[in-house]
Amino acid sequence: MKDKVRDWLETGKVDLFLGYKQVDGHPLPHAFSKENLAELGELIVSPARYALEKLATEILAIKPALKIGILGRDCNQRAVNVLTVHQQISPGQIQILEVNCCPSPLRKHAACSTLQPQTYGAVKLELGVDNNMSVAQMDQFDQESLYSRWMYEFQKCLKCYGCRDICPVCFCKECSLENNDLVATGGLPPEVPLFHLIRAVHMAGRCVDCGLCEEACPVDIPLRLLYRKVNGIVKDLFGYETGGSHEQPPFSLLGESTPPEAEPHSKAV
Amino acid sequence: MTKKRMTFLKELLPFIGLGGRLRLEWISSAEAQKFVKVVTEFTEQIRNLGPNPLAKTYGDSLDSLDLAPAPSEATGSGCGCGCSKAAAGA
Amino acid sequence: MYRLVPSVCSYCGTGCGVLFEVLDGQLLKTLPLKTHPVNQGKLCIKGWNLHEFVNSRMRLQSPLLKVNGRFHDVTWNRALQFTAEKLKGIIEKYGPDSVGVLVSAKITNEENYLLQKFARAVVGTNNVDHCARL
């Protein structure tokens, strides 16, 4: 890995390489460059994940001439695809050095870096939604229970905007969540469930299921589950595989080709 | 685009427990009978579902916090996406 | 030219770990420090926007002294001299207990220690309090 990065930097394939380095006991993202090749010995794969592609996109927004390499897990790869589809970066601006999802002998290829799923207290399990549940498991609840469980989760929201700020594919200059007509300012909890549903709808065809939003949420709202459902719908209805496809997503107004119409679906409401 | 979004929302809303409160129909100004039929049907469907839980919870949480701007129109209707013609909540 | 600098949030006394993105000496953004034992990769809305006040145009960059009802930029020497003279005058006139010292969560433990030492040993009062003692 280190040799490859050295090679990339020396041949000028990338001008900057974003990897991780241990600083004061914390694995932190670090920018390696041609000037400090000696530092490459400290390059590690961190168990704590940061959205390196988001950092790279932010640098590229200011210095578009750069070429940046990143250490990439599957989720980073998907996010780079989505950013390219949404024309935030040009193809080739970000080079990915693929690494195993989890630097662990236990699980060679996990859904994310969390090896041990978090366990939750009895109150949350009784009244709210268990973050470890799957979309299919949610279907066993009836409508009334689903509603009260989701509202229990949404009403905890502190409106920290952490889910948006950490999201690798949230790049809009004007965010609907800051639109006064949609989400009024000054109140807590924010307008439930509008706040979360607005974000959920905007994640359709965009969310790469990296789980960073849920990790950043101070009140453990099962955001990943919600966005999984949203992307599941997009896949069922429009056959669009978010993060894997290089076409415009179904709700996009950009691009020349018209995305497919909704197909008739069996679960009519 | 509208059709795509509505089909999408029809799948999403049941997931958070608000199913059956959204409907999209194309009705021409010449189709008075269809309009009557659709509105009657949908009103009946909504009435059977009972009051919109969203309006209640939202109102309550604001009352208890006592910092109420008047609940916006969106919370009163079925979905809040502006499709008032077909999505009139009961 | 691009660095990520770990730091501690300067807002409240909790002490969440943050990570600053610095590009060419300009603060770009704040991220939560994932491995920090205090906040474990989470932040509140103030922490997420830490970088904004650093770059704010409204930020005070030198001491201000009010003369004839208007604030004027002065040097640190002048400001400290003025404060010392005023404090001395007040202590001589009304006694040490007419002075109180409020310290802050935004400064280090050592600085807080120094300030209580200043209050007790130099001024001679026990009127010391701290903004994190809410």
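The structure this text deals with has already been given above.
Residues numbered from 1 in each chain as written. Chains lettered and ligands numbered in written order. Predicted model: local features only at pLDDT ≥ 70, side-chain atom pairs only at ≥ 80, totals over all residues. Heavy atoms only, no water.

Enquirer: How should I be thinking about the overall build of chain B in this particular structure?
Expert: Assigned secondary structure in chain B consists of four helices and zero strands. Going from the N terminus to the C terminus, chain B shows its helices and strands as α-α-α-α. Classification of the 90 residues of chain B by burial places 39% in the buried group. Summarising the internal contacts of chain B: among those between residues at least 6 apart in sequence, 49% fall at separations of at least 24. Split by element, the accessible area of chain B, about 5,200 Å² in all, is 57% carbon and sulfur. (Helix = DSSP H or I, 4+ residues; strand = E, 2+ residues; numbered from the N terminus. Buried < 20%, exposed > 50% of the residue type's maximum accessible area, 1.4 Å probe, protein only. Contact = heavy atoms within 4.5 Å. Areas by Shrake-Rupley, 256 points an atom, 1.4 Å probe, with all protein chains shown as cover.)

Enquirer: Is there a simple way to think about the nonpolar core in this case?
Expert: Across soluble globular proteins, you tend to see nonpolar side chains buried next to one another. Counting residues in each nonpolar core, the largest one holds 108 residues, and the members touching the most others are Phe17, Leu18, Ile68, Ile70, Met138 and Trp150 of chain A together with Tyr2 of chain C. Among the elements that line this core, the one with the most residues is helix α10 (residues 223–238) of chain A, at nine residues. Those residues in contact with Phe17 of chain A, other than ones at most four positions away along the chain, are Val5, Trp8, Leu9, His30, Ala31, Phe32, Leu43, Gly69, Ile70, Leu71 and Leu97 of chain A. (Core = buried A, V, L, I, M, F, W, Y, C linked by side-chain atoms within 4.5 Å.)

Enquirer: Please clarify how the interface of chain C and chain A should be interpreted in this entry.
Expert: With 24 residues of chain C in contact, the opposing surface of chain A contributes 31 residues. In total, chain C and chain A occlude about 2,200 Å² of area from one another, counting both sides; carbon and sulfur atoms represent 68% of this. Contact with chain A buries surface across chain C, with Tyr2, Lys34 and Trp48 of chain C losing the most and accounting together for 29% of the total. Linking chain C to chain A there are four salt bridges. Of the charged contacts in the structure, one is a salt bridge between Lys63 of chain A and Asp24 of chain C, with a shortest N-O distance of 2.7 Å. Counting the contacts that link chain C with chain A gives eight residue pairs in polar contact (both at pLDDT 80 or more). (Buried area = accessible area lost by both parts, 1.4 Å probe. Salt bridge = Lys/Arg side-chain N within 4 Å of Asp/Glu carboxyl O. Polar contact = N/O pair within 3.5 Å; in protein donor to acceptor, adjacent residues only side chain to side chain.)

Enquirer: Looking at this model, I keep getting lost on unusual backbone geometry. Mind explaining?
Expert: Comment: phi is negative for the bulk of residues other than glycine, and the bulk of peptide bonds are trans. All names here are of chain A. Backbone geometry places Asp24, a non-glycine residue, at a positive phi of 50 degrees. Along the chain, Asp24 turns up in the loop between β1 (16–23) and β2 (26–33). At Tyr161, a residue that is not glycine, the phi angle is positive and equals roughly 60 degrees. Mapped onto the elements of the fold, Tyr161 is located in the loop between α6 (143–154) and α7 (162–166). Tyr161 sits in the buried class, given a relative accessible area of 11%.

Enquirer: What should I look at first to understand the packing of aromatic side chains in this one?
Expert: Any pair of aromatic rings gets described here by the distance separating the centres and the angle formed by the planes. Residues and elements named next belong to chain C. Under the definition given, this model contains six aromatic pairs over all chains. A centroid spacing of 5.7 Å and a plane angle of 70 degrees characterise the contact between Tyr11 and Phe53, whose relative ring orientation is edge-to-face. Residue Tyr11 is found in the loop between β1 (2–8) and β2 (17–23), and its partner Phe53 is found in helix α2 (residues 50–54); the two are separated by 42 residues along the sequence. (Phe/Tyr/Trp six-rings, centres within 6.5 Å; stacked < 30°, edge-to-face > 60°.)

Enquirer: Explain the side chain of Arg149 of chain A here, please?
Expert: All names here are of chain A. Checked against the element boundaries, Arg149 lands in helix α6. Although Arg149 lies buried, it forms no salt bridge, and the closest oppositely charged side chain, Glu126, sits 5.5 Å away as judged by the N-O distance. Ignoring sequence-local partners within four residues, the contact set of Arg149 consists of Leu125, Glu126, Leu127, Gly128, Val129 and Phe141. (Lys, Arg positive; Asp, Glu negative; His and termini not counted.)

Enquirer: Any chance you could explain the packing of helix α2 (residues 52–62) of chain A against helix α3 (residues 74–85) of chain A here in plain terms?
Expert: Angle between the axes and distance between the axes: these two values describe a pair of packed helices. Residues and elements named next belong to chain A. Look at α2 against α3: their axes get within 9 Å of each other, and the N-to-C directions meet at 35 degrees. Where α2 abuts α3, its residues Leu52, Glu53 and Thr57 lie against Cys75, Asn76, Ala79, Val80 and Leu83. Partitioned by chemical class, the residues of the contact of α2 with α3 number five nonpolar, two polar and one charged. (Axes fitted to C-alpha atoms, helices over the stretch in contact; angles between N-to-C directions. Nonpolar A, V, L, I, M, F, W, Y, C, P; charged D, E, K, R; others polar.)

Enquirer: When you look at helix α8 (residues 194–202) of chain A in this model, what are you seeing that I'm missing?
Expert: An α-helical segment advances 3.6 residues per turn. Residues three or four places apart therefore align on the same side. The set of residues buried in α8 of chain A consists of Phe195, His196, Leu197, Ile198, Arg199 and Ala200 of chain A. Buried-residue contacts for α8 of chain A involve α6, α7, α9 (212–216) and α10 of chain A together with α1 (2–15) of chain B.

Enquirer: Can you walk me through the pattern of salt bridges in this structure?
Expert: If the charged atoms of two oppositely charged side chains come close together, the side chains can form a pair. This model, assessed by the stated rule, comprises 16 salt bridges over all chains. Residue Glu153 of chain A pairs with Lys124 of chain A through a salt bridge whose shortest N-O separation is 3.0 Å. On the criterion of sequence distance, the pair formed by Glu153 of chain A in helix α6 and Lys124 of chain A in helix α4 (residues 122–127) is long-range, its members being 29 residues apart. There is no split in this pair, since Glu153 of chain A and Lys124 of chain A are both buried. Between Glu41 of chain B and Lys37 of chain B there is a salt bridge; the shortest N-O distance is 3.8 Å. Separated by four residues within a single helix, Glu41 of chain B and Lys37 of chain B lie in helix α2 (residues 32–49), roughly one turn from each other. Residue classification places Glu41 of chain B among the partly exposed residues on the basis of a relative accessible area of 36%. A network of salt bridges, in which partner residues are shared, links Arg23, Glu25, Lys37 and Glu41 of chain B.

Enquirer: Looking at this model, I keep getting lost on the sheet that holds strand β3 (residues 26–32) of chain C. Mind explaining?
Expert: Paired through their backbone hydrogen bonds, the strands of a sheet run either parallel or antiparallel. Residues and elements named next belong to chain C. With antiparallel pairing, three strands are arranged side by side in an open sheet as β1-β2-β3. The sheet terminates laterally at β1 and β3, the two strands that pair on one side only. Put simply, the sheet's adjacent strands are angled 25 degrees from each other on average, direction ignored. By the bridge criterion, seven bridges tie β1 to β2 in an arrangement that is antiparallel. Across the sheet, the residue bridging to Leu4 is Glu21, located in β2. (Pairing = 2+ DSSP bridges.)

Enquirer: Explain the side chain of Lys34 of chain C here, please?
Expert: Tracing the sequence through the fold places Lys34 of chain C in the loop between β3 and α1 (45–48). Beyond its immediate chain neighbours, meaning those up to four positions away, Lys34 of chain C contacts Ala48, Arg49, Tyr50, Ile166, Leu212 and Glu215 of chain A together with Gln40 and Gly41 of chain C.

Enquirer: Would you take a moment to explain α2 of chain A for this structure?
Expert: Within α2 of chain A, nine of the 11 residues are buried, leaving the element largely enclosed by the surrounding structure. Among the residues of α2 of chain A, those classed as buried are Leu52, Glu53, Lys54, Leu55, Ala56, Thr57, Glu58, Ile59 and Leu60 of chain A.

Enquirer: Any chance you could explain the environment of Ala65 of chain A here in plain terms?
Expert: In this structure, Ala65 of chain A sits in the loop between α2 and β4 (68–72). The spatial distance from the C-alpha of Ala65 of chain A to the C-alpha of Asp15 of chain A is 9.6 Å, given a sequence separation of 50 residues.

Enquirer: Help me understand a nonpolar patch on the surface in this model?
Expert: On the surface, Phe35, Val36 and Val39 of chain B cluster together into a nonpolar patch covering about 240 Å² of accessible area. Given a relative accessible area of 40%, Phe35 of chain B falls into the partly exposed group. (Patch = residues over 30% accessible without salt bridge, like charges linked within 9 Å, V, L, I, M, F, W, Y side chains within 5 Å.)

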